[in-house]
Every structure is written in structure tokens, then in C-alpha cells.
Amino acid sequence: MLRISRHSPTHSRRTPPRTLAAAAALLCLAFTCAALPHSGAAAAEPRTADDTQPTAPRTPQVPAGVTAGVAVFDRQTGTFTEQLNASATFRSASVVKLLLALDFLWNRSPADIPDADRARLDAMLRSSQDSAANHYWSTYGGPAIADRMITRLGLVDTAPPPAGYEGYWGYTGISARDTVKIYRHLLETAPGDVRDFIMQRLRQSTRCASDSFDQHFGIAAAFNRPWAVKQGWSAFSTKGTCGPGSSTSARTQAGSTAPATGAAGVDLSRPALHTTGTVGTGDRSIVAVLTLHADGTPYGKAYTDLGRLTRTLNVPGGTAPTGTWYGTWGSDVAVRNDPALGDNLLTRLPAGVEVLVGCQKKGQAVSVPPYTNDWWAYLPQYGGYVTNIYISHPDNQLPDVPLCPQQQ
């Protein structure tokens, strides 16, 4: 039986009658709102940005059920401000695309590469396009790319995919501390034109990846710009919901036929979600957070858990965005240009993801019987609005969120 987990001031949180739930589902479809959740979603405690940005080093707070490797390096002082399981090896997923790009450009100037390669690298680095990675992996030696870059950069925990899975670039093993080495090479040792070419594209990371997954998690959500990111994700059973178009199939590069572990005990089966990159003016801090999640973890939950972990880190030069973090419920929750239904869809949220609410305003009333709400939350990181019905809080108007300026 479907349950509605959002209520108006005149109704307590409860399981509505089957007929009402059915009517709610039909109305959601009619209004292109979120699909009803499979079960009622518990409200998440709101947490302000100030609460999650520490002023002094502290142990990273890893959510229950998450395995993490963390390294934060302050380039200004030349010291690590965070290290947690920094040498533990994880499958790289799309983080290995940094090595693919560096290998291709090792003896080439970006100014001299063919237009086709410029387009491939642009899509691979900005939108994490897998077909571009497939091209470089298959054309330039597959596991030999990993071997070359291990030698060139002095990587100590990185390893090519295990025997029998040489074609799976996402099975390349990598650690948080090796990821820091890769960025340090890129920023401090690589030729200037190579550094600028790659970093410019990481700064221009698109919210929607080429497979319709929302990739602005972790660093991209926890800190204000300037930042540059290369993210990674693998083995989630959900579909991508990012963008105004239809959902696409889940990323399969790290497919379901993988062995449980690869070389050196690298886990190749649990869902992986990684955020790596730089934060602050002059790329002051290098951040690498590699995570594994329990089998069956939804993408939205992993996205939220990684975000919560990242926000506890001591990242010199990083500033937290203004707003209050709230959970959401429902699937395919619409983010819209305006606080109204209609032909104004910007994107759809990963199911159950936590979002930063900047302000709220009244707009078109939305009904999910027996509930109706005309308040909308503005999400500054998306540049759009969601109806407060799908914010995990019992009140129609969020009590600790200011009005948007035009309604003050």
C-alpha cells in the first residue's frame, strides 16, 4: 500500500486510504510532479551550512554503512588536513578518466590535438562521457595506460583492472592519497597548457552527466565556487534523472557480472560514489573522498551520505554555501524555473536526495490529496524551485527558511 509522507497543517502524518493514495498518484502524473514513494519517508532534521562547516580539523564523520577513504591536502601549507584510510584502494569508476586524459596528453600539446579528440576529452572531463573513455582505453592499451601512469606519477596504491576484466577501465584501483598525487602532478608538474586544458574542463563540470546522472554531489554541493571536480559512480540500479529529458539507463561500465573483489582485494561489486577535485582560490585544497555503500543503496541516499561526509571535512580555502539542508521524498521530484507547474522543468532530483534550501515563496498550489501546499523552496544550487510538499518537514512553510526577496 502506498503511503504519503507529507502533510498539511490540518492533517497528521498517517497512511491515507488506498483510494486517496491512488488519486494522489494520478494527480502526480497529471502534474508531472514526483512519483509517490514506495514507503513513507522519514523527515530529515534540517541542518544549516554553518553547522556543517568546521573551523578546525576534526575526524571526518562517515555515515553508518559507508566505507570511505579520505585525503585533503592544503597546497598552501604543503600538509594534509584530513586523512582517513587514505591508502585504501577503491575501484576508480570515472575518476580514472583523469589518467586517461593525462596519458593521451603526455607527449601532446592540447593546441595540436585533432578536433575529434578535443570533443571527446571535453565530454569525458566535463560530463563524464563513458564512450570517450572507452575510446581512449581501447585505442591506447587499456591496462597499459594504468601501468604507464603508475610509473610516471609514482602512484603506490593504483593498479590496473584484474585479470579477465582488462576491458573495464572503471575497475582500475585507486586510493585517496594517489588521487591527491594525480592532482598535484596536474597542478604543479604538468605542462601549463595541459594543466589549463584539463582544469578548465573540471571547473566546467556539468550538473547532468552524459548518462543523465546528477554529478554535482560531494565537493560541488558542499562548497561555493571556485572548485573543479572529477566524480565517479558505479553499480547503482537506478536510472539517471538529471535534465529536462527522459531518464536513461543506469551506468553499466562496472557491470553486475563483476567479481566480488579484484586485485589487492579491491571491492568491485558494492555501489561506489567518489568526489575528487580542488577547492578554493588558486586550487588551494585538493580533496579526494572515495566511498562504497551497502548493496542496494539508492543513488539519492549515497549522494546524501557522501555530501554529509564531505561537509564535515576541514578544507582550507573552502566556504560553505548559505542555506539549510533538508531531505526530500518521492521519485523524479521536479525542479522548475518558476514556483508553478507547467512547461518549465529544469531537472529531476535523485530519489530521496538531500538539498540545500536558500529561501521559499508562495506560488501555485499543488495537491497530492489529501494534502495541498502553495509554498515552494528555492534551491540555489539548481537555480530553481521544488514544491514544499516533497521537502521532508511536517509544515507547509519551512520555519527556519527565509522568504525569497520579492516576498519579504
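Above this text sits the structure in question.
So, how was this worked out
Residues numbered from 1 in each chain as written. Predicted model: local features only at pLDDT ≥ 70, side-chain atom pairs only at ≥ 80, totals over all residues. Heavy atoms only, no water. Helix = DSSP H or I, 4+ residues; strand = E, 2+ residues; numbered from the N terminus. Buried < 20%, exposed > 50% of the residue type's maximum accessible area, 1.4 Å probe, protein only. Contact = heavy atoms within 4.5 Å. Areas by Shrake-Rupley, 256 points an atom, 1.4 Å probe, with all protein chains shown as cover. Pairing = 2+ DSSP bridges. Disulfide = S-S within 2.5 Å. Axes fitted to C-alpha atoms, helices over the stretch in contact; angles between N-to-C directions. Parallel < 35°, antiparallel > 145°, perpendicular 65-115°, else oblique. Left-handed = near helix turned anticlockwise from the far one by under 90°. Nonpolar A, V, L, I, M, F, W, Y, C, P; charged D, E, K, R; others polar. Salt bridge = Lys/Arg side-chain N within 4 Å of Asp/Glu carboxyl O. Expected span 1.5 Å × (residues − 1). Polar contact = N/O pair within 3.5 Å; in protein donor to acceptor, adjacent residues only side chain to side chain.

> Would you mind going over the overall build of the protein chain with me for this structure?
Along its length, the protein chain carries ten helices and 15 strands. Across the 408 residues that make up the protein chain, the buried fraction comes to 55%. Of the contacts made within the protein chain by residues no fewer than 6 positions apart, 69% connect residues no fewer than 24 positions apart. When the accessible surface of the protein chain is split by element, carbon and sulfur atoms take 51% of a total near 15600 Å².

> What's the story with the pairing of strand 6 (residues 227-234) in this structure? I'm lost.
Looking along a regular strand, one sees side chains alternate from face to face of the sheet. In terms of burial, strand 6 is largely enclosed, as eight of its eight residues are buried. The alternating pattern of strand 6 places Trp 227, Val 229, Gln 231 and Trp 233 on one face and Ala 228, Lys 230, Gly 232 and Ser 234 on the opposite face, and all of these are buried. As judged from the eight bridges shared by strand 6 and strand 7 (residues 272-279), these two strands associate in the antiparallel manner. By the bridge assignment for strand 7, Ser 234 is matched with Ala 272.

> It is not clear to me how the environment of Val 72 should be interpreted in this structure. Could you clarify?
Positionally, Val 72 belongs in strand 2 (residues 67-74). Sequence spacing of Val 72 and Leu 313 is 241 residues, and the spatial spacing of their C-alpha atoms is 8.0 Å. In this structure, Val 72 is in contact with Thr 79, Phe 80, Thr 81, Glu 82, Ser 285, Ile 286, Val 287, Leu 313, Asn 314, Val 315 and Pro 316, ignoring residues within four places of it in sequence.

> Quick question: what am I supposed to make of the state of the cysteines here?
A covalent bond between the sulfur atoms of two cysteines is what we call a disulfide. According to the stated counting rule, one finds two disulfides in the structure shown. In this model, Cys 208 is linked to Cys 242 through a disulfide, with the two sulfur atoms separated by 2.1 Å. With the S-S dihedral at roughly -70 degrees, the linkage between Cys 208 and Cys 242 falls on the left-handed side. Of this pair, Cys 208 sits in the loop between helix 8 (192-203) and helix 9 (219-222) while Cys 242 sits in the loop between strand 6 and strand 7; the two residues are 34 residues apart in sequence, bridging distant segments of the chain.

> Can you help me understand the packing of helix 3 (residues 97-104) against helix 5 (residues 130-139) in this one?
Between two packed helices, the angle of one axis relative to the other and the distance separating the axes together describe the packing. One way to put it is that helix 3 packs onto helix 5 with a least axis distance of 10 Å and a crossing angle of 50 degrees. Accordingly, the angle class assigned to the pair helix 3 and helix 5 is oblique. For the crossing formed where helix 3 meets helix 5, the hand is left-handed. Along its contact with helix 3, which presents Lys 97, Leu 100 and Phe 104, the element helix 5 presents Asp 130, Ala 133, Tyr 136 and Trp 137.

> Help me understand the sheet that holds strand 3 (residues 79-84), please; the structure alone is not making it clear to me.
What links the strands of a sheet is backbone hydrogen bonding, and the strands pair in either a parallel or an antiparallel sense. Strand order in the open sheet formed by five strands is 3-2-8-7-6, and the pairing between neighbours is antiparallel. Of all the strands in the sheet, just strand 3 and strand 6 have a single pairing partner and so form its edges. Geometrically, the sheet is characterised by an average inter-axis angle of 5 degrees between neighbouring strands, direction not taken into account. With respect to the sheet, helix 10 (residues 299-311) is in contact with strand 2, strand 6, strand 7 and strand 8 (285-292), its orientation differing from that of strand 7 by roughly 40 degrees.

> What am I meant to see in the packing of helix 3 against helix 7 (residues 176-188) here?
At a closest axis distance of 11 Å, the pairing of helix 3 and helix 7 adopts a crossing angle of 35 degrees. For the crossing formed where helix 3 meets helix 7, the hand is left-handed. Judged by residue contacts, Leu 98, Leu 99 and Leu 102 of helix 3 engage Ile 182, Tyr 183, His 185 and Leu 186 from helix 7. A per-class count over the contact of helix 3 with helix 7 returns six nonpolar, one polar and no charged.

> Quick question: what am I supposed to make of the pattern of salt bridges here?
In a structure, side chains of opposite charge can pair up when their charged atoms sit close to one another. Applying the stated rule across the entire model yields 18 salt bridges. Put simply, Arg 284 and Asp 74 hold a salt bridge, and the shortest N to O gap is 2.9 Å. Of the two residues, Arg 284 is situated in the loop between strand 7 and strand 8 and Asp 74 in strand 2; the sequence distance between them amounts to 210 residues. With a relative accessible area of 3%, Asp 74 lands in the buried category. The closest approach of N and O atoms between Arg 270 and Asp 267, which form a salt bridge, is 3.0 Å. Take Arg 270: its relative accessible area is 22%, and that puts it in the partly exposed class. Through salt bridges with shared partners, a single ionic network connects Arg 75, Arg 184 and Glu 188.

> Could you clarify how one ought to interpret helix 4 (residues 115-126) in this entry?
Note on helix geometry: an α-helix contains 3.6 residues per turn, so any two residues three or four positions apart are oriented the same way. The end-to-end C-alpha distance of helix 4, which contains twelve residues, comes to 16 Å, matching closely the 16 Å that a straight helix rising 1.5 Å per residue would cover. Within helix 4, the full set of buried residues consists of Asp 117, Leu 121, Ala 123, Met 124 and Leu 125. Where the residues of helix 4 are buried, they touch helix 3, helix 5, helix 8 and strand 6. Downstream of helix 4 by a residue or two, Ser 128 has a phi angle that is positive, lying close to 55 degrees.

> Sorry, what's going on with unusual backbone geometry here?
If a residue is not glycine, its phi is most likely negative; likewise, a peptide bond is most likely trans. Residues Arg 225 and Pro 226 are joined by a peptide bond in cis, for which omega reads 10 degrees. When you line up the elements, Pro 226 lands in the loop between helix 9 and strand 6. With phi around 50 degrees, Asn 85 is a residue other than glycine that occupies positive phi space. Along the chain, the position of Asn 85 falls in the loop between strand 3 and strand 4 (89-91).

> Mind showing me how you'd approach the environment of Thr 172 here?
Inspection of the secondary structure puts Thr 172 in the loop between helix 6 (143-153) and strand 5 (173-175). Measuring from C-alpha to C-alpha, the distance between Thr 172 and Arg 91 comes to 5.6 Å, with 81 residues separating the pair along the chain. Within polar-contact distance, the side chain of Thr 172 engages the backbone oxygen of Trp 169 at 2.9 Å.

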